[in-house]
Amino acid sequence: MTVSLRRQMASGTDNTSDNRVFWDFLQSFKNTDSSRKRHLLPNTAGCHTAKEAITLSNMARELFKTNWIKLEVIGDDYTLQPDPFELVDAAKELVSQGFEVFPYCTDDLVLCEKLLSVGCNILMPWGAPIGTGKGLINPYALQTLRTRLPNVPLVVDAGMGSPSHAAQAMEMGFDAVLLNTAVAKAQDSVVMARAFKLAIEAGRMAYEAGTMQTQDRAHASTPVVGMPFWHNSEL
């Protein structure tokens, strides 16, 4: 589960505040049996510079006792597109400080290769701008990433709108998808979460099974060997 440290105070003004309740809820996942235990992935949502993101990452490590960080450095407030230059700079510094960096990036192959070169072991390219629900707006670029980076864990982050979008990403060979708005804004969030779960499982199974190759012309699915044929020219 990813959580924004910047938008959620670590503690409230008193023990009955909403902030305190939410904080205690997050902490409870670290002190429970293995069947319910979840890993928290704090993120740097809302940061616009490498310096901001690095500072917030260190705060998150102290509060959540984890070296995992989902690195977000936004370059445009309208599209919430990452700033590639600040992102790489922040990733390089955080890796040197011992963080396991999960960078939120675009589907640009060169940017992804730069992030890998500074020490990132996992990439989180977007499917579409955060919260738009448009799905995979550039499947060609995403498929290129999967093909060119076969051994790198890839998580499609942002833009999911329906379970079919998640299934499409998994069929392409991505390792996971990150969801928030599609579930949070559904009329029935619990049912929608289950729908995504099933879509993700189906998409992964399809990828592992190997989908058929597309063809430019029709091919009969019923065998025609040994069947008689008549031609108009002979009638």
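Nothing here was measured: the structure is a model prediction, and the numbers come from that model.

Peer 1: Sorry if this is basic, but what is going on with the nonpolar core here?
Peer 2: Side chains that are nonpolar tend, in soluble globular proteins, to be buried together. Core analysis: the biggest nonpolar cluster contains 47 residues, and Phe 64, Leu 71, Val 101 and Leu 115 have the highest contact counts within it. Of the residues forming this core, the biggest block, 6 residues, is contributed by helix H2 (residues 50–64). Formed by 5 residues, the second largest nonpolar core is a distinct cluster that contains Leu 41, Phe 102, Met 124 and Val 155.

Peer 1: Please clarify how the state of the cysteines should be interpreted in this entry.
Peer 2: Here is the idea: a disulfide is a covalent bond, and it sits between the sulfur atoms of two cysteines. In the structure shown here, the tally under the stated rule is 0 disulfides. The structure places no disulfide on Cys 120, whose sulfur is separated from the nearest cysteine sulfur, that of Cys 105, by 8.6 Å. Its relative accessible area of 4% is what places Cys 120 among the buried residues.

Peer 1: What should I look at first to understand helix H3 (residues 84–96) in this one?
Peer 2: Spacing of three or four residues puts side chains on the same side of an α-helix, whose turn is 3.6 residues. Taking 1.5 Å per residue as the helical rise, H3 with its 13 residues ought to reach 18 Å, and the 18 Å between its terminal C-alpha atoms agrees with that figure. Of the positions making up H3, those classed as buried are Leu 87, Val 88, Ala 90, Ala 91 and Leu 94. Angular distribution of buried residues about the axis of H3 spans 165°; they occupy a single face of the element. Exposed side of H3, more than 90 degrees from the buried face: Phe 85, Lys 92 and Ser 96 are the residues found there. Where the residues of H3 are buried, they touch H2, strand S3 (68–71), strand S5 (81–82), strand S6 (100–105) and helix H4 (109–117). Backbone geometry just after H3 places Gly 98 at a positive phi near 90°.

Peer 1: I keep staring at the pairing of S6 and nothing clicks. Help me out?
Peer 2: The side chains of a regular strand alternate between both faces of the sheet. Among the 6 residues in S6, 5 count as buried, and that is most of the element. Note: S3 against S6, 4 bridges, orientation parallel. The residue bridging Ile 69 from the neighbouring strand is Val 101, located in S6. For the handedness criterion, the β-α-β arrangement of S6, H4 and strand S7 (residues 124–125) is classed as right-handed.

Here is what the cut-offs are and how they apply
Residues numbered from 1 in each chain as written. Predicted model: local features only at pLDDT ≥ 70, side-chain atom pairs only at ≥ 80, totals over all residues. Heavy atoms only, no water. Core = buried A, V, L, I, M, F, W, Y, C linked by side-chain atoms within 4.5 Å. Buried < 20%, exposed > 50% of the residue type's maximum accessible area, 1.4 Å probe, protein only. Helix = DSSP H or I, 4+ residues; strand = E, 2+ residues; numbered from the N terminus. Disulfide = S-S within 2.5 Å. Expected span 1.5 Å × (residues − 1). Arc of directions from axis to C-beta. Contact = heavy atoms within 4.5 Å. Pairing = 2+ DSSP bridges. Right-handed = clockwise from strand over helix to strand, strands pointing away.

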